[in-house]
Amino acid sequence: MSWTRAEEIIGLLKKQLGLDEDFFVIRRIWEKEVGISGVEISGYKDGTIFAQTRSSTANFELTTRKKEIIKKLNQYVGSSKIKNIKVEIR
């Protein structure tokens with residue numbers, strides 16, 4: 001029986017959930033630059049940001065500004081990594 005190191009397990013979980021370094025950079029930029037109240041980033045994977053909100057108003061604003069937000073975030077990460085934003089009302 002071989003043991004798996006905790007940091008390896010945590011690394012795999014972070015990768016599956018989309019919580020890599022890009023996620024944390026994007027989250028900081030989002031909080032600073034996007035400024036839509038009540039929208040929380042819950043993950044990032046394969047170029048898609050996953051966000052949640054409780055407000056249909058925030059959902060509408062995010063949907064309306066999606067292209068602008070993607071462009072602004074990509075300016076910070078230095079490429080066109082971000083391709084889409086999916087938002088869900090919880």
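Residues numbered from 1 in each chain as written. Predicted model: local features only at pLDDT ≥ 70, side-chain atom pairs only at ≥ 80, totals over all residues. Heavy atoms only, no water.

J.: Hey, could you go over helix H4 (residues 66–77) for me, with residue numbers and the actual values?
T.: An α-helical segment advances 3.6 residues per turn. Residues three or four places apart therefore align on the same side. Between its first and last C-alpha, H4 extends 17 Å over 12 residues, near the 16 Å set by a 1.5 Å rise per residue. All of the buried residues in H4 are Ile69, Ile70, Leu73 and Asn74. Seen from one end, H4 has its buried residues packed into an arc of 130°, which puts them on one side. Away from the buried face of H4 by more than 90 degrees, exposed residues Lys67, Lys71 and Gln75 are located. On its buried face, H4 sits against helix H2 (21–34), strand S2 (48–53), helix H3 (56–64) and strand S3 (84–89). One or two residues past the end of H4 sits Gly78, with phi positive at roughly 80°. (Helix = DSSP H or I, 4+ residues; strand = E, 2+ residues; numbered from the N terminus. Expected span 1.5 Å × (residues − 1). Buried < 20%, exposed > 50% of the residue type's maximum accessible area, 1.4 Å probe, protein only. Arc of directions from axis to C-beta. Contact = heavy atoms within 4.5 Å.)

J.: Outline the side chain of Asn74, supporting the account with residue identities and numerical values.
T.: Topologically, Asn74 is positioned in helix H4. For Asn74, the contacting residues outside a window of four places in its chain are Ser79, Ser80, Lys81 and Ile82.

J.: Go over the confidence of the model for the protein, please, and point to the residues and values.
T.: Averaged over the protein, the pLDDT score is 85; the fraction of residues at 70 or greater is 94%. Helix H1 (residues 6–17) is the least confidently modelled element of the protein, averaging 77 in pLDDT, while S3 averages 93, the highest of any element. (pLDDT = per-residue confidence, 0-100.)

J.: Provide a residue-level description of H2, including the pertinent values.
T.: Compared with the 20 Å implied by 1.5 Å per residue over 14 residues, the 19 Å span of H2 between its first and last C-alpha is a close match. For H2, the set of buried residues is Asp22, Phe23, Ile26, Ile29, Trp30 and Val34. Looking down the long axis of H2, one finds its buried residues gathered within 135° of arc, a one-sided arrangement. Summarising the geometry of H2, the exposed residues directed more than 90 degrees from the buried face are Glu21, Arg28, Glu31 and Lys32. Here the buried face of H2 lies against strand S1 (39–45), S2, H3, H4 and S3.

J.: With reference to specific residues and values, describe the nonpolar core.
T.: By size, the foremost hydrophobic cluster in this structure holds 18 residues, and its most contacted members are Trp30, Ile49, Leu62, Ile69 and Leu73. For this core, the elements supplying multiple residues, two or more each, are H2, S1, S2, H3 and H4. The leading source of residues in this core is H2, at five residues. In contact with Leu73, other than residues within four places in its own chain, are Ile26, Ile29, Trp30, Val34, Ile49 and Ile82. (Core = buried A, V, L, I, M, F, W, Y, C linked by side-chain atoms within 4.5 Å.)

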